Amino acid sequence: MHTIAGMVLKRIALGVLTIVMISFLISVGIEALPGDVAQAILGQTATPETVAAFRRELKLDLPFYVRYFSWLQDFSRGDFGISLANGRPVAQMIGWRFSNTLFLAAVAGVISVPLSLLLGMLSALYRNSWFDRMISTITLTTISFPEFFVAYILIAVLSVQINLFPSISNLNESMQFWQKLHIIILPCLTLTLAVFAHMMRMTRAAIINVLSSPFIEMAELKGLKRSRIIVHHAFPNALSPIITVIVLNLAWLIVGVVVVEVVFVYPGLGQLLVDAVSKRDLPVVQASGLIFAATYVTLNLTADVLAMITNPKLRNPK
Amino acid sequence: MSKLKELEEMLSRGRISRREFLIRSSALGLTAALSPALLGTPAHAQKPKKGGRLRQGLGECSTTDSLDPGLIPAAMPRNIDWQVRNNLVEIDYKGNAIPELAESWEATPDAAKWAFKLRKGVQFHNGKSLEAEDVIFSVDHHRKKDSKSAIKGIVEQIKEMKTDGKQTVIFTLEGGNADFPSILADYHLPIVPTGTAGAEWEKGIGTGGYILVSFEPGVRALTRRNPNYWKEGCAHFDEVETIGIADVTARTNALMTGQIDCMNQCDLKTVHLLKAKPDIQVIQVTAARHYTTAMLCDIPPYNNNDVRLGLKHAIDREQILKAILRGYGSLGNDQPIGPSYRFHATPSELPQRKYDPDKAKFYLKKAGMEGHVFKLHAADAAFAGAVDTAVLYSEQAAKAGIKIEVVREPDDGYWSNVWIKKEWCMVYWNGRATEDGMFSISYAADSNWNDTHWKNERFNKLLKTARAELNDAKRREMYVEMQCIASDDSGNIIPMFADIVDAASTKLKFGPIGAQFELDSSRNTERWWFA
């Protein structure tokens, strides 16, 4: 296991470096955009005096490097700062919304991962049958549609026509757990349809790949049931690529769901990021952007570690 | 039967006269004799009932919203602000300034000194009593030197404020302004307790009909009724939940599935489908909001009025009104004082300009500008459908041999980089409560927001004189002349005024609807009730 521990440490160090670099790029990016917080907030009503007053109060008249390094200092101590737009502490704003995003991703994951594994295995079991072809066609279709299209169709059918589920998912603190679950069913369905195909087809492909190896042939000759072969022998050996795909999709479920958040009015981190960018609210953009970056880095690391553990060949690189 | 209902609505809102109503309904072959609308009382003349939780879905929301009144940019924070706070003056549904926290006011004959008497016994949500010093603090928040308030330019006309005892505030202005009370009704100027600063703003302490329970900017606000509300007969709901829904389709869906009870800004492309639903009522009011194209009058070729006139005749207003607003609006006449204003010039005083390709060609020829390619900068950030309007306009102008090239600008940063910077661009204006307000903010030579850089001597002279004139008849003459000057000379091409189109469940009842902003001038929470 020495190699794994070593690898993890190295990757964590690289991850931290990546995050610092990303924070710099975000700052540069926002700086390069035309306008700043003062102009964005005041909009049509901006006058030279009020814009100047805004900037003075938020110390935006200091040069770029000064502002960046002072932010970096605070950030490394865990102080996310306050929002330039409305003076609220960023950690507070983000904390709630990030937990919402995680909640949605978790529920969508809980639905989509077992389902795609199951259907992937079944497709591998009955490969090239009409069942297999039908599943493939359906999932490839749903992944090709843009999420908002799928979302609107689900809303039209399941919410407006048959009033089964709510059409907007405006979560708030006062709701019970089961109420929260009920209100996010449609976005979860949308997200499931979006990530399902990738995981299922990778599962299917990986299993089919393993099925052509000699030890599987041995198991068949021994007379084992096909389903037992797949679940007990093929699947564990195919885990490596499957895990990678699953983890990457989970990362997407956290980071890439802005469109679904907008359509369902779900108070997640993606919508916050978009609003903050359009108002050039740098502390909020930094904090959200870096949380997303950290999520990706961590999940990538997890995927690699798990892939190593489940694949003996990678464990001992000889 | 629905056509008769439509006519009744229009009559009760004063959009048609009773004579018109009779003519139109008899033309439909319907017996209107039994219509309650003719009885002279508003269609919803029941007594308001208390109770219920109002859930409203508002577009125009952002996670960067603040409850600092100087920074309120849009519908959601404005609506919340007027749930929890009041102004000195309120604008009623007819557009008149009526007393709110101020019981009465009087002015010196030159309209330069105003004394406002405050109501007694009004308390803020934190128990503090309303006093004159609170008013001075609230206005000074916008006036002070390092204020970031959006309304700083307007309150600069206040030279001095003094208290005269605990119940009276005296304002001394730089110059006479007969409309000063209307300025105090602006949503940027609610009255807050002295000393409110920093994070205190987000608590929303005020004198309003509802008390703020929680507020997550851009997402949701919850308020509950203030049992101590000083205004009688207002604020009927037990609780109000204001949900920010930026996407219009999501908003419409939420209303149709019953997740919200009312919404603002219907999608004009599908509102006719909403109208067909039996449990939803669509609320349409003529408003002062208008869409314009602004030409910078100090840059050639727009500095030549012949060019401006030529371009004004090259636009087919009726077609644009039908295509872009689906008819939910009225024609514009290149000046901003629309039909909802008191001193709006009638068609006999200022004839409606029509699409006239020959005249357009004539003016451009006179200016020697035929064959010139005019660049029109557009983005949907100006208003929904701005790019379509620009493209349609360029087709219409092509028929007069005028070449207009539509330059698509990014939405982001439109107001910083395109507006008042590019020589010809699309703009929207919300309109103001008074003619002086509208003219001063966008047409006066010295205004920061004069987006055409237009400086007409006669106009500016009349503007100052009319502002201080307290006699309505004399004011009307001056404003009509200013409208004519603006229409014929200014750098604005105004094809249309946009109606406010909101929707609500039929469970909600209300009296006559105000036209300042959406949802009954953003005051629906204190005026409406559940049946």
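In this text, all values refer to a predicted model and were calculated from it rather than measured experimentally. (Residues numbered from 1 in each chain as written. Chains lettered and ligands numbered in written order. Predicted model: local features only at pLDDT ≥ 70, side-chain atom pairs only at ≥ 80, totals over all residues.)

Novice: Give a detailed account of the overall build of chain A, specifying residues and quantitative values.
Specialist: Each helix and strand in chain A was counted, giving 15 helices and zero strands. In terms of its C-alpha atoms, chain A occupies a principal-axis envelope of roughly 85 × 60 × 35 Å. Burial status across chain A gives 38% buried among its 318 residues. (Helix = DSSP H or I, 4+ residues; strand = E, 2+ residues; numbered from the N terminus. Buried ≥ 20, exposed ≤ 12 C-beta atoms within 10 Å, placed from the backbone.)

Novice: Can you explain the overall build of chain B? Please cite residues and give values.
Specialist: Assigned secondary structure in chain B consists of 18 helices and 21 strands. Computed over the C-alpha atoms, the radius of gyration of chain B is 24 Å, within 12% of the 24 Å expected from 2.2 N^0.38 for a compact globule of 531 residues. For chain B, the C-alpha atoms occupy an extent of roughly 70 × 60 × 45 Å along the three principal directions. Sequence-distant contacts, at least 24 apart, represent 69% of the contacts inside chain B between residues at least 6 apart. (Rg over C-alpha atoms; globule rule 2.2 N^0.38 Å. Contact = placed C-beta atoms within 7 Å.)

Novice: Could you give me a rundown of the pairing of strand 15 (residues 373-378) of chain B, with the residues and numbers involved?
Specialist: Residues and elements named next belong to chain B. As defined by bridge partners, strand 15 adjoins strand 16 (residues 403-408) across six bridges and the pair is classed as parallel. Bridging from a neighbouring strand, Phe374 pairs with Ile404 of strand 16. Note on the crossover from strand 15 through helix 12 (residues 386-398) to strand 16: the handedness is right-handed. (Pairing = 2+ DSSP bridges. Right-handed = clockwise from strand over helix to strand, strands pointing away.)

Novice: Hey, could you go over the interface of chain B and chain A for me, with residue numbers and the actual values?
Specialist: Facing 38 residues of chain B, the contacting portion of chain A comprises 40 residues. Listed by contribution, the elements that provide at least two residues to the side of chain B that touches chain A are helix 5 (152-155), helix 7 (248-256) and helix 13 (414-417) of chain B. By residue number, the principal contributor to the side of chain B that touches chain A is helix 7 of chain B, which donates five residues. Class assignment of the residues belonging to the side of chain B that touches chain A gives a composition of 13 nonpolar, 17 polar and eight charged. (Nonpolar A, V, L, I, M, F, W, Y, C, P; charged D, E, K, R; others polar.)

Novice: Break down the packing of helix 9 (residues 305-313) of chain B against helix 11 (residues 357-366) of chain B for me, with residues and values.
Specialist: Residue and element names in this part refer to chain B. Their axes nearest at 8 Å, the elements helix 9 and helix 11 cross at an angle of 160°. As summarised for this structure, helix 9 and helix 11 are arranged roughly antiparallel, according to the angle between their axes. Helix 9 and helix 11 meet at a crossing whose hand is left-handed. Across the interface between the two elements, Asp306, Val307, Leu309, Gly310 and His313 of helix 9 pack against Lys359, Ala360, Tyr363, Leu364 and Lys366 of helix 11. For the contact of helix 9 with helix 11, the per-class residue count stands at five nonpolar, two polar and three charged. (Axes fitted to C-alpha atoms, helices over the stretch in contact; angles between N-to-C directions. Parallel < 35°, antiparallel > 145°, perpendicular 65-115°, else oblique. Left-handed = near helix turned anticlockwise from the far one by under 90°.)

Novice: Can you break down the nonpolar core residue by residue, with the values?
Specialist: If you look at the biggest cluster of nonpolar residues, it comprises 153 residues, and the most contacted ones within it are Ile207 and Phe264 of chain A together with Ala382 of chain B. In terms of residue count, the dominant contributor to this core is helix 9 (residues 185-211) of chain A (15 residues). Looking at which domains feed residues into this core, each of domain 2 (46-85 + 208-283 + 504-531) and domain 4 (290-498) of chain B supplies at least three. When residues no more than four places from it in sequence are discounted, the contact partners of Phe264 of chain A are Ala151, Ile168, Ser169, Leu186 and Pro187 of chain A together with Ala250 of chain B. Grouped together as the second largest cluster of nonpolar side chains are 65 residues, Ala38 and Leu58 of chain A together with Ile183 and Ala433 of chain B included. (Core = buried A, V, L, I, M, F, W, Y, C linked by C-beta atoms within 7 Å. Domains from an automatic or database assignment.)

Novice: Please provide a residue-by-residue account of unusual backbone geometry, values included.
Specialist: Residues and elements named next belong to chain B. Across the junction of Pro300 and Pro301, the peptide omega takes the value 0°, indicating a cis bond. If you trace the backbone, Pro301 turns up in the loop between strand 13 (290-295) and helix 9. We note that Ala235 has phi near 65°; this positive angle belongs to a residue other than glycine. Examined against the element boundaries, Ala235 turns out to sit in the loop between strand 9 (220-225) and strand 10 (239-244). For Ala235, a count of 24 C-beta atoms within 10 Å puts it in the buried group.

Novice: Kindly report on the environment of Met161 of chain B, identifying the contributing residues and their values.
Specialist: All names here are of chain B. Mapped onto the secondary structure, Met161 falls in strand 6 (residues 158-163). Placed 55 residues apart in sequence, Met161 and Glu216 show a C-alpha to C-alpha distance of 35 Å. Setting aside residues up to four positions removed in sequence, Met161 forms contacts with Ile136, Val139, Val169 and Phe171.

Novice: Give a description of helix 9 of chain A that names residues and reports values.
Specialist: With 27 residues, helix 9 of chain A should cover 39 Å at 1.5 Å per step; its first-to-last C-alpha distance of 36 Å lies within 8% of that length. At Phe196 of chain A, helix 9 of chain A shows its maximal bend, which comes to roughly 40°. (Expected span 1.5 Å × (residues − 1). Bend = angle between axes of the 7 residues up to and from the residue.)

Novice: How would you summarise the sheet that holds strand 11 (residues 262-263) of chain B if you had to cite specific residues and measurements?
Specialist: Residues and elements named next belong to chain B. Judged by pairing direction, the sheet is mixed, and its seven strands sit side by side in the order 8-9-10-1-11-19-12 without closing on themselves. Of all strands in the sheet, those with a lone pairing partner are strand 8 (210-216) and strand 12 (280-285), marking the two edges. Direction of pairing for strand 1 (residues 53-58) relative to strand 10: parallel, over a ladder of six bridges. Bridge assignment links Gly57 to a residue of strand 10, and that residue is Ile243. Each of strand 1, strand 11, strand 12 and strand 19 (500-505) touches helix 7; the most contacted strand, strand 1, lies at about 155° to it.

Novice: Describe the environment of Ala206 of chain A, listing the residues and the values that go with them.
Specialist: All names here are of chain A. Within the secondary structure, Ala206 is located in helix 9. Between the alpha carbons of Ala206 and Val20 there is a distance of 36 Å; along the sequence they are 186 residues apart. Look past the residues within four positions of Ala206 in its chain and what remains in contact with it is Ala238, Pro241 and Ile242.

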